[in-house]
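Below are the chains, spelled out letter by letter.
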Amino acid sequence: MADDRIFQCPHCALQMTVRVPESPVQVTCPTCFQRILLVPGEEPRAPNESYLSEFYRLPEPIIIDTQVPAPAKSQRVIRRAARRAARHANREASKKKRLRLLQIASVAAIGLAITGTAATYTYRSLSRIPADSWAKVVPGMDSPQKLLSEYSRVCGSFRNTCASIEDAASRDRAIPKIQQIAARLRGIPSRVSELGPLSPTQRSEVDSSALDRVLDEWEQNKACLREVRSKRLLHSIDFFKSLQTFADENEAAAGAIISQWNEQPDDSAFSSSG
């Protein structure tokens, strides 16, 4: 036999009076639309997920009356309760969505960090490669004209450095500079060899006047070395070692240019110039 039952929605507190039989029934709240399971002798509750298929087969009771209690008379309170119930129902889905977004953001951040680190180390590694090494691996990067201009600049730097030496302090400052200048000459012989036989266009760049300028630079360097070595007040083992290093590299660089690019090599002429 059916009986009247008064209860409140567990989600929005809507008070309802229903006529239910003496068996479990389903109720859908007309305010927040949440599912409610009414079992005789038990408190109203939401059905378990495993029970949902059976829940929809239960009969619906006759709702005789609905009355919003005093705390929930405002429509704003009712809507808020409905939103809270909807959030509660979708809490697991929202949690999974947030977790998925967090995982995507974490992977993206790690990827950016790895990419930035790799780019930084690559840039640092490439910046340490000497210019003559780049010339070997980059097609068309090196040319006879570039080598001749570089040799001339290096020789000029050496003579300017020697001209700045006036006392022991300036001598000590010049030692590392001369060592660096000598290092710039060190790769020239191998670069000359890598260029191989000159093409007609390259040969036009390395005419007799260009080779004469190389000999002239070499002679000026020798004169500069004799002058700076003659100053007894500048006597220093480290200083003389750096001068000798430059002299050796200078002779090797000039010798490679003259011997390999001269159309008619004349070793005796180069030796007499030395």
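Before reading further, recall that the structure is shown in the block above.
The paragraphs below set out a description of the structure included in this document.

### Points about the packing of helix α5 (residues 144–163) against helix α9 (residues 208–229)
- With their axes 10 Å apart at the nearest point, α5 and α9 run at an angle of 20° to one another. By the angle between their directions, the pair α5 and α9 is classed as roughly parallel. In terms of crossing hand, the pair formed by α5 and α9 is left-handed. Here α5 contributes L148, Y151, S152, C155, F158, R159 and C162 to the contact with α9, which in turn contributes A210, V214, E217, W218, Q220, N221, C224 and L225.

### Notes on the pairing of strand β3 (residues 25–28)
- Two strands pair when backbone bridges link them, and β3 and strand β4 (residues 35–38) are joined in this way by 4 bridges, in the antiparallel orientation. Across the sheet, Q26 pairs through a bridge with L37, a residue of β4.
- In this structure, the hairpin formed by β3 and β4 is closed by a connection of 6 residues, where F33 is found at a positive phi of approximately 60°.

### Quick word on the packing of aromatic side chains
- Per the stated rule, a full pass over the model turns up 2 aromatic pairs.
- With centroids separated by 5.9 Å and ring planes inclined at 35°, the aromatic side chains of F239 and F240 adopt a geometry described as tilted.
- For F239, a relative accessible area of 0% corresponds to the buried category.

### A short note on the pattern of salt bridges
- Evaluated as defined, the whole model comprises 5 salt bridges.
- Across the pair E150 and R191 runs a salt bridge, and its minimum N-O distance is 2.9 Å. Residue E150 is located in helix α5, and its partner R191 is located in helix α7 (residues 188–195); the two are separated by 41 residues in the primary sequence. Exposure class is identical for E150 and R191. Each is buried.
- A salt bridge links R159 to E217; the shortest N-O distance between them is 2.7 Å. With a gap of 58 residues between them, R159 in helix α5 and E217 in helix α9 connect regions that are remote in the sequence.

### Structural notes on the nonpolar core
- Ranked by size, the top nonpolar core spans 35 residues in total, and within it Y151, F158, I188, F239, F246, I257 and W261 carry the most contacts.
- Put simply, the parts of the chain that give this core at least two residues each are α5, α6 (168–186), α7, α9 and α10 (237–261).
- Here the element with the most residues in this core is α10; it accounts for 9 residues.
- What I188 contacts, discounting residues up to four positions off in sequence, is L147, Y151, A253 and I257.
- Judged by nonpolar contacts, the second largest core, of 12 residues, contains C12, V25, C29 and I36.

Cut-offs applied
Residues numbered from 1 in each chain as written. Predicted model: local features only at pLDDT ≥ 70, side-chain atom pairs only at ≥ 80, totals over all residues. Heavy atoms only, no water. Axes fitted to C-alpha atoms, helices over the stretch in contact; angles between N-to-C directions. Helix = DSSP H or I, 4+ residues; strand = E, 2+ residues; numbered from the N terminus. Parallel < 35°, antiparallel > 145°, perpendicular 65-115°, else oblique. Left-handed = near helix turned anticlockwise from the far one by under 90°. Contact = heavy atoms within 4.5 Å. Pairing = 2+ DSSP bridges. Phe/Tyr/Trp six-rings, centres within 6.5 Å; stacked < 30°, edge-to-face > 60°. Buried < 20%, exposed > 50% of the residue type's maximum accessible area, 1.4 Å probe, protein only. Salt bridge = Lys/Arg side-chain N within 4 Å of Asp/Glu carboxyl O. Core = buried A, V, L, I, M, F, W, Y, C linked by side-chain atoms within 4.5 Å.

Geometric values such as these leave the question of function open.
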